[in-house]
Amino acid sequence: MQLLKRVVHSSIPDTNLTPEHPEIFTRLATRAIVFKQGKILLMFTERYNDYSLPGGGVDLGEELIDGLQRELAEETGAQQITNIQPFGLFEEYRPHNSTKHQAECSIMHMLSYCYTCEIADQLGESQLEDYEVNNGMRVCWVDIDEAIQHNLHTIEHDQKQGLSIQRETYLMQQIKQRLL
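What comes next is a walk through the structure. Since we're looking at a predicted model, the values are computed, not measured.

## Concerning the nonpolar core
One finds Leu-42 and Tyr-51 to be the most contacted residues of the largest nonpolar core, which totals 19 residues. Looking at this core, the elements that each hand over two or more residues are strand 4 (39-45), strand 7 (82-95), strand 9 (137-142), helix 3 (144-157) and helix 4 (165-179). Sequence-distant contacts of Tyr-51, that is, excluding residues within four places in its chain, are made with Leu-42, Met-43, Phe-44, Cys-140, Val-142, Ala-147, His-150, Asn-151, Glu-168 and Met-172. In this structure, Ala-32, Leu-68, Leu-72 and Ile-119 belong to the second largest nonpolar core, which totals 14 residues.

## Thoughts on the environment of Ile-65
By secondary structure assignment, the location of Ile-65 is in helix 1 (residues 64-76). Sequence separation of Ile-65 and Thr-30 is 35 residues, and the distance between their C-alpha atoms is 8.1 Å. Setting aside its immediate chain neighbours within four residues, Ile-65 contacts Ile-84 and Tyr-115.

## With respect to the layout of surface pockets
Of the pockets and cavities examined, the largest pocket occupies roughly 1300 Å³. As for the largest pocket, its lining consists of 42 residues, of which Arg-27, Arg-94, Met-108, Met-110 and Tyr-131 are closest to the centre. If one sorts the elements of the lining of the largest pocket by residue count, strand 2 (residues 24-33) sits on top with 5 residues. Classifying every residue of the lining of the largest pocket gives 14 nonpolar, 15 polar and 13 charged. The volume enclosed by the second largest pocket comes to roughly 210 Å³. As for the second largest pocket, its lining consists of 14 residues, and the residues nearest its centre are Val-7, His-9, Ser-10, Leu-163 and Gln-166. Elements that contribute at least two residues to the lining of the second largest pocket include exactly strand 1 (3-8), strand 7 and helix 4. When residues in the lining of the second largest pocket are grouped by element, the largest group, 4 residues, is from strand 7.

Definitions and cut-offs
- Going along each chain's sequence as written, the residues are numbered from 1 onward.
- Local features are withheld for residues below a pLDDT of 70 in this predicted model, meaning they are given only at 70 or higher, and side-chain atom pairs are given and counted only at 80 or more; totals for whole chains, interfaces and linings count all residues.
- As a rule here, side-chain values cover all heavy atoms of the structure and leave hydrogens and water aside.
- Put simply, a nonpolar core is a bunch of buried Ala, Val, Leu, Ile, Met, Phe, Trp, Tyr and Cys residues held in one set by side-chain atoms that sit within 4.5 Å of each other.
- Buried, partly exposed and exposed residues are distinguished by accessible area as a fraction of the type maximum, computed with a 1.4 Å probe on protein chains only: under 20%, between the cut-offs, and over 50%, respectively.
- Here a strand is any run of E in DSSP of at least two residues, a helix any run of H or I of at least four, and the numbering for each starts at the N terminus.
- Note on definitions: a residue-residue contact is assigned when non-hydrogen atoms from the two residues lie within 4.5 Å.
- The method works on a 1 Å grid over the protein atoms by themselves. A cavity is a set of points holding a 1.4 Å probe that cannot get out, a pocket is an open set with protein on both sides within 12 Å along at least five of seven lines, and residues with an atom within 4 Å of a point line them.
- Grid points are joined across faces, edges and corners, and a volume is the space filled by probe spheres set on the points.
- We call Asp, Glu, Lys and Arg charged. Ala, Val, Leu, Ile, Met, Phe, Trp, Tyr, Cys and Pro are nonpolar, and the rest, Gly among them, are polar.

Below you can see the structure in the form of structure tokens.
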């Protein structure tokens, strides 16, 4: 899979960063790229005022494709997910809020595997997690140029932006450049 970009958050020094670093926790994620009638399927998060590709963390022992299908169905209600093709891998190092499972880790090494795919015309009911509902996440079909411009405006003017907006905007720019 082609490496799309390696990003290190500005709060993390870009020295000696490897997945074996004792303060680093590696998380695998998948992101879905779905187009229909000239629009891309995205998630809008009201809390952070941004658009992102549907997807999320892969469970321990879960295959990447299975994680992609599960996350896409949960977040968007997508059905009949077919023609899954690799698009690229986005690697990033970003701050990690410690949890009971990774209490000693302060940096997350995130590997986002991106895939194009097709889905049925109708979306079923999404099954968002509580934090996603509380953040005001909703599924939408958007013109990719509008989504990119919206995110760029949020990056420039909004202090409440989340950590993922840089990744998501870059990925949408790559999608536009390579697929459209």
